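Topology and contacts: notes
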Amino acid sequence: MTTTAPPVSPLPAARLAAATAAPEHPAREALRMFLRNPAAIAGMVMLIAVLLVAIVGPWVYPADPFEIRTMPLSPPFSEEAWLGSDQLGRDVLTGIVYGGRATLLVGAFAALLSVVIGVSLGALAGYYGGRVDALLMRVTEFFQVLPALLFAMVVVTLFSPSLVTVTLAIGIVSWPGTARLARAEFLKTKNLEFVRAERAIGARDARIIWKVILPNALPSLVVSATLAVGAAILFEAGLSFLGLGDPNQMSWGLMIGSARQYVLSCWWAVAFPGAAIFITVLAVSLIGDGLNDALNPKLRER
C-alpha cells in the first residue's frame, strides 16, 4: 500500500514577497528607524522651530537687541515688552530672537572644530598604533585632565572675548572624547578583511584611513558630533554667564550672565533665555539618541 505525501502549501504572498525582495540599503533602513522614534522626531521638530526663530526671526521682527525699549524690570506680557525687560530696559523677546544666532553658531562651529581635531588625532593613533598611538594618546590625556572651563577661560581672556575666540576655546578643550572614540573605531576596523584587501592591492594609508575605515566609523562619530553641539552650547552659556562672552553680540548666555544679579527681582530675564538653551540642548540630545538607535545595528533589533 502506497501513501502519498500531503501537498505542500505555497508560501503566503507576503512571505514570498519578503523572501524575494532586495535587501534594504543601510542608509534607508537607518532613516526608517529614525523616523519611527517618537523622541527623535520630537527633538527634530523642536530644533527646526529653534532654527526658524534664529534664522527667520530677525527678518520678521527687526529690532536692536541692545536697544533700551521700555522701563527696566518690566514684567512679562506688558505692551512694550511681551516677555518683559531686563535690568536695563532691553526687550527679552528681542534678545532671545537675536541671541539664538550667536549661540547656535558657536555651538555648531565649536562642535565641528572638536570633531575635526578629535577624529584626525584618533584616526592616526588607531591606525598606526605603536609610538604614534602612545604619543597622541599622551597628548589626549594631557588635554583630558586639564580643567576644561578654566583652560577655556584663560584662552578667551588672553585673546579678548569674541565669538571667534569663544568658539576656538570650546573646540580646543572638547575634542579628547571624540579622539578616544575614533581611536577605538580604527583599532576595531583596521585589521578586518576589506581593509587588508585594500593594503594588498597597494592602496595608500591616506586612502585607507579616510576613504575605507572612516566611512565605517561614521555612525558612532555622527552621534558624538551631534551631542557635542549641545555640550558646546552649554559651554558657551557658561562662559557668557561668567562674563567671558562677546559683549558686542547678543547670546542667550550673555542675557543670563548680565541678569544674574537680578534673578530674584527679574526672574524672566534669566528664565526665558535659560528655557531657550534647555529646549535646544534637549532637542539635540533627543536627535543624538535617535541617531544612535538608528545607526547602531545592535540597537535596531530592540
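All values derive from a computational prediction rather than experimental measurement.

1. What about the pattern of salt bridges?
- Evaluation of the coordinates by the stated rule reveals eight salt bridges.
- A salt bridge links aspartate 86 to arginine 90; the nearest nitrogen and oxygen atoms lie 2.8 Å apart. Each member of the pair, aspartate 86 as well as arginine 90, carries the same accessibility label: buried.
- When salt bridges that share partners are traced, they join Arg138, Glu141 and Arg180 into one network.

2. Brief notes about a nonpolar patch on the surface
- A cluster of nonpolar residues, Met44, Ile48, Leu51, Leu52, Ile55, Val56, Trp59 and Val60, forms a patch on the protein surface that exposes about 770 Å² of accessible area.
- When you line up the elements, leucine 51 lands in helix α3 (residues 38-60).

3. Regarding the packing of helix α4 (residues 92-128) against helix α12 (residues 268-295)
- Running from N to C, α4 and α12 point in directions that differ by 35°, and their axes come no closer than 11 Å. Remark: the crossing between α4 and α12 carries right-handed chirality. Of the residues in α12, those in contact with Val92, Ile96 and Leu104 of α4 are Trp268, Ala269, Phe272, Pro273, Ala276 and Thr280.

4. Concerning the environment of valine 222
- Residue placement: valine 222 occurs in helix α10 (residues 205-241).
- As for valine 222 and leucine 291, which are separated by 69 residues in sequence, their C-alpha atoms are 8.0 Å apart.
- Once you skip the residues sitting within four places of it in the chain, valine 222 turns out to touch Leu291 and Leu295.

5. Description of the side chain of threonine 167
- Structurally, threonine 167 can be placed in helix α7 (residues 163-173).
- From its side chain, threonine 167 meets the backbone oxygen of leucine 163 in a polar contact 2.7 Å long.
- When sequence neighbours within four positions are dropped, the list of residues in contact with threonine 167 reads Val106, Phe109, Ala110 and Leu113.

6. As for the nonpolar core
- Counting 21 residues, the largest nonpolar core has Val92, Ile96, Trp252, Met255, Ala269 and Ile277 as the members making the most contacts within it.
- When residues in this core are grouped by element, the largest group, six residues, is from α12.
- Among all residues touching tryptophan 252, those that are not within four sequence positions of it are Val50, Gly95, Ile96, Gly99, Gly100, Thr103, Pro273, Ala276, Ile277 and Thr280.
- Listed in part, the 15 residues of the second largest apolar core include Val119, Ile208, Leu214 and Ala217.

What counts and how
- Counting starts from 1 at the beginning of each chain's written sequence and moves along it residue by residue.
- Only residues with pLDDT of at least 70 get local features here, since the model is predicted, and only at 80 or more are side-chain atom pairs given and counted; chain-wide, interface and lining totals rely on the full set of residues.
- Excluding hydrogens and water, the side-chain values take into account all heavy atoms of the structure.
- Definition used for salt bridges: Asp or Glu carboxyl oxygen within 4 Å of a side-chain nitrogen of Lys or Arg.
- A 1.4 Å probe rolled over the protein chains alone gives each residue an accessible area, and that area as a share of the maximum for its type sets the label: buried under 20%, exposed over 50%, partly exposed in between.
- Only residues above 30% relative accessible area that lack a salt bridge enter a patch, with like-charged residues linked at up to 9 Å and the nonpolar side chains Val, Leu, Ile, Met, Phe, Trp and Tyr linked at up to 5 Å.
- Working definition of accessibility: Shrake-Rupley area with a 1.4 Å probe, residue cover restricted to the visible protein chains.
- Strands here are runs of E lasting at least two residues and helices are runs of H or I lasting at least four, both read from the DSSP assignment and numbered beginning at the N terminus.
- Only C-alpha atoms enter the line fits that serve as axes; for helices the fit covers just the stretch in contact. Angles between N-to-C directions range over 0 to 180 degrees.
- Here is the rule for handedness: rotate from the far helix to the near one, and if that takes an anticlockwise turn smaller than a right angle the crossing is left-handed, while a clockwise turn gives right-handed.
- Throughout, a contact is declared for two residues whenever any of their heavy atoms are within 4.5 Å.
- Two N or O atoms count as a polar contact when they lie within 3.5 Å, although within protein this holds only if one can serve as hydrogen donor and the other as acceptor, and sequence-adjacent residues are included solely when both atoms are side-chain atoms.
- Residues belong to a common nonpolar core when they are buried Ala, Val, Leu, Ile, Met, Phe, Trp, Tyr or Cys residues joined through side-chain atoms within 4.5 Å.

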